[in-house]
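# Secondary and tertiary structure notes
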Amino acid sequence: MGGAVLGLASALVLCSCEDKEAAPAAPAEEPAVAAEQKAPQEPELSAFDETRDALFDHVVFQLAQKVSNPELYPEVNAEVRDTLALLNDYYAALEKEAEMAEERVRTALLIAGMTCDLGAYAKAYTAYENALKQLELLPEDVRGGRDAKRSLSTIESGLGACLLYQGKSAEALEHFRKSLDTDLAVFKELHPDEKKPLEENNVDPEVALAASAVMDSYRCLGDCQNVMNDTEEARETYKKGLEMVPALRVVTPKMAIAYIKLLIASADLENSLGNMKGAYVSWYQAGDLSKKLALGNHPLAIRAEAKRLNESLIRPLLQVEAKLKEEQRKAAEAEAASKPADAPVTETPIQPVPEAAPEVAPAPVVAPEAEAPKPEQKPRNNRRRNKRNR
C-alpha cells in the first residue's frame, strides 16, 4: 500500500508542478519513477500525513488558481481532469485499507469539490453523497469529533451548492441550514458565551476556525435565500452572521476574510433593493478592512485574497458614491427652490459620502493567526451571481 500511495503522490507532484519555479527538477540520470522505487514499502503514518498534506495543499492551490482564471489556461480542463483521475486512483487504493477511513473522507471531499468547480454538478453531488457515506462509516467516537463535524458541514454545504447550481434552490436550502446548524453547534461547544469578546493576544485557533465557518455558512444560506427571492430572510441571515464580529470584537485574518465576504454579500442585497446608503456602508467597511489586511503583516494567501476583494470593491463604491452625491445635490436644489425669492441665499455644502450614509461601525481588531486545523473549503455557492465572492 505504501509504495502505491507514494507512487500516486509522485505522479501528482509531476502533474501539478511543471510550471512551478520553486519545484526542483528531477535529476537527468534518474527516471520520473525513481521516487517510487526508493520509497519505503511501509512509511510511518505521521510521515505519510505530512507528505499528503503538503502535496494536496499544493495540488489544490494550483488547480484553484487555474480554475479561477480559465481564460489564462486553455488547458485547464484537461489538466484538472487528469488530476481528478489520479485522485480517483488514489481513492481506490485507500478503499483497500480499513485504517485509512478518515483519509477516504478527506479525499472524497477533494474529488467532490474539484468536480463542482469543473461545473459537473450532478457528478459532484454524487461525490459529496459518497463522502457522506464514508463519513458515516467512521467509528462513533470519531464521528462525534469536531473534525468529523467540520467535514459534515462541508458535505452539506457542497450538496446544497450542487443543487443550487442546478436550479433546485428549495432542496439546497435544507442542506445549507444543516451546514449552518452543524457549524453553530461546534462554535457554541468551543465558545459557549457568544457575547464574550475574544482576547486580542490569545485567540483560540479552534474558536477562530469555528467562527469563520459559521460566517461562511450564514453567507451560503443567505445567498440561497436571495436566489429564491426571500430577500427579507436573506437580509436577516446576513445580519445574524455580521453580528458575530461586534460581539467577539477581535478577529483573526481568516475570520476577517469571512467577515468581508459576508459584508459584500449583504451590500449586494441592499444595493439590489435600492438601499444605496446601506450598501455603501457595508462595502465601505469591507473595503477598509480588506485594505488593512492586504497591507498588514499576514500570510501571503491572506494578503492576496484581501487585495483581490479590495480591488473588486472599487467600482461599486465609486458608482454608489456618485449616486449619493447626486441625491444630495438634488435635495439641496429642491430645498433652495422651496424658499421665498427674497430669502437670503445660503449654500449647502455636499457632505462626504461616509457622513451622508448611516454610521459605519468600528472595524474589529485583527489578531495574529494562530496554528489551527485546516478547514475543508466550502463551495463558492454564489460564483455565477457574484464573481467578487469567488
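Anything mentioned here points back to the structure above.
Not measured: the values here are computed from a predicted model. (Residues numbered from 1 in each chain as written. Predicted model: local features only at pLDDT ≥ 70, side-chain atom pairs only at ≥ 80, totals over all residues. Heavy atoms only, no water.)

Helix and strand content of the chain: 17 helices and two strands. Burial analysis of the chain (390 residues in total) assigns 46% to the buried set. Contacts in the chain between residues at least 24 apart in sequence constitute 73% of all its contacts with a sequence separation of at least 6. Summed over its atoms, the accessible surface of the chain is roughly 20,500 Å², and 52% of this surface lies on carbon and sulfur atoms. (Helix = DSSP H or I, 4+ residues; strand = E, 2+ residues; numbered from the N terminus. Buried < 20%, exposed > 50% of the residue type's maximum accessible area, 1.4 Å probe, protein only. Contact = heavy atoms within 4.5 Å. Areas by Shrake-Rupley, 256 points an atom, 1.4 Å probe, with all protein chains shown as cover.)

Applying the stated criterion across every chain yields a total of two aromatic pairs. Between Tyr 121 and Tyr 165, the aromatic rings sit 4.2 Å apart at their centres with planes inclined by 40 degrees, giving tilted as the arrangement. Taken as a pair, Tyr 121 in helix α6 (residues 121–136) and Tyr 165 in helix α8 (residues 146–165) lie far apart in primary sequence, 44 residues in all. Overall, the relative accessible area of 11% leaves Tyr 165 in the buried class. (Phe/Tyr/Trp six-rings, centres within 6.5 Å; stacked < 30°, edge-to-face > 60°.)

For soluble globular proteins, nonpolar side chains are generally found buried alongside one another. Membership of the largest hydrophobic core comes to 83 residues, with the highest contact counts inside it found for Phe 176, Phe 187, Met 215, Met 244, Met 255 and Trp 283. With twelve residues, helix α13 (residues 253–272) is the largest single contributor of residues to this core. When neighbours within four sequence positions are excluded, Met 215 is seen to be in contact with Gly 241, Met 244, Val 245, Met 255, Ala 258, Tyr 259 and Leu 262. (Core = buried A, V, L, I, M, F, W, Y, C linked by side-chain atoms within 4.5 Å.)

Per the stated rule, a full pass over the model turns up 15 salt bridges. Asp 147 is paired through a salt bridge with Arg 150; the nearest N and O atoms lie 2.8 Å apart. Of this pair, Asp 147 and Arg 150 both sit in helix α8, three residues apart, which is roughly one turn of that helix. Between Glu 333 and Arg 329 there is a salt bridge, with its nearest N and O atoms 2.4 Å apart. On the criterion of helical spacing, the pair formed by Glu 333 and Arg 329 is a turn pair, its members being four residues apart in helix α16 (residues 314–338). According to the relative accessible area criterion, Glu 333 is partly exposed, its value standing at 45%. (Salt bridge = Lys/Arg side-chain N within 4 Å of Asp/Glu carboxyl O.)

On to unusual backbone geometry. With a phi angle near 65 degrees, Asn 229 is a residue other than glycine that sits in the positive phi range. Looking at where Asn 229 falls in the secondary structure, it is placed in the loop between α10 (205–227) and α11 (231–242). A positive phi angle, close to 70 degrees, is found at Arg 249, a residue other than glycine. Residue placement: Arg 249 occurs in the loop between α12 (244–248) and β1 (250–251).

Another aspect to go through is a negative patch on the surface. On the surface, Asp 230, Glu 233, Glu 236 and Glu 243 cluster together into a negatively charged patch. Following the sequence through the fold, Asp 230 ends up in the loop between α10 and α11. A residue is classified by how much of its surface remains accessible, and Asp 230, at 33% relative accessible area, is partly exposed. (Patch = residues over 30% accessible without salt bridge, like charges linked within 9 Å, V, L, I, M, F, W, Y side chains within 5 Å. Lys, Arg positive; Asp, Glu negative; His and termini not counted. Charge placed at Lys NZ, Arg CZ, Asp CG, Glu CD.)

Running from amino to carboxyl end, α8 crosses helix α9 (residues 169–190) at an angle of 160 degrees, the nearest separation of the two axes being 7 Å. When the axes of α8 and α9 are compared, the pair comes out roughly antiparallel. By crossing handedness, the relation of α8 to α9 is classed as left-handed. Contacts between α8 and α9 involve Arg 146, Lys 149, Leu 152, Ser 153, Glu 156, Ser 157, Leu 159, Gly 160, Ala 161, Leu 163 and Leu 164 from the former and Ser 169, Glu 171, Ala 172, His 175, Phe 176, Lys 178, Ser 179, Thr 182, Asp 183, Val 186, Glu 189 and Leu 190 from the latter. Broken down by class, the residue content of the contact of α8 with α9 amounts to nine nonpolar, seven polar and seven charged. (Axes fitted to C-alpha atoms, helices over the stretch in contact; angles between N-to-C directions. Parallel < 35°, antiparallel > 145°, perpendicular 65-115°, else oblique. Left-handed = near helix turned anticlockwise from the far one by under 90°. Nonpolar A, V, L, I, M, F, W, Y, C, P; charged D, E, K, R; others polar.)

The next subject is the packing of α10 against α13. The interhelical angle for the contact between α10 and α13, taken along N-to-C directions, is 15 degrees, at an axis separation of 8 Å. Judged by the angle between their axes, α10 and α13 are roughly parallel. Handedness of the crossing formed by α10 with α13: left-handed. Across from Ala 208, Ala 211, Ser 212, Met 215, Asp 216, Tyr 218, Arg 219, Asp 223 and Asn 226 in α10, the residues of α13 making contact are Lys 254, Met 255, Ala 258, Tyr 259, Lys 261, Leu 262, Ala 265 and Leu 269. Taken together, the residues that form the contact of α10 with α13 break down as ten nonpolar, two polar and five charged.

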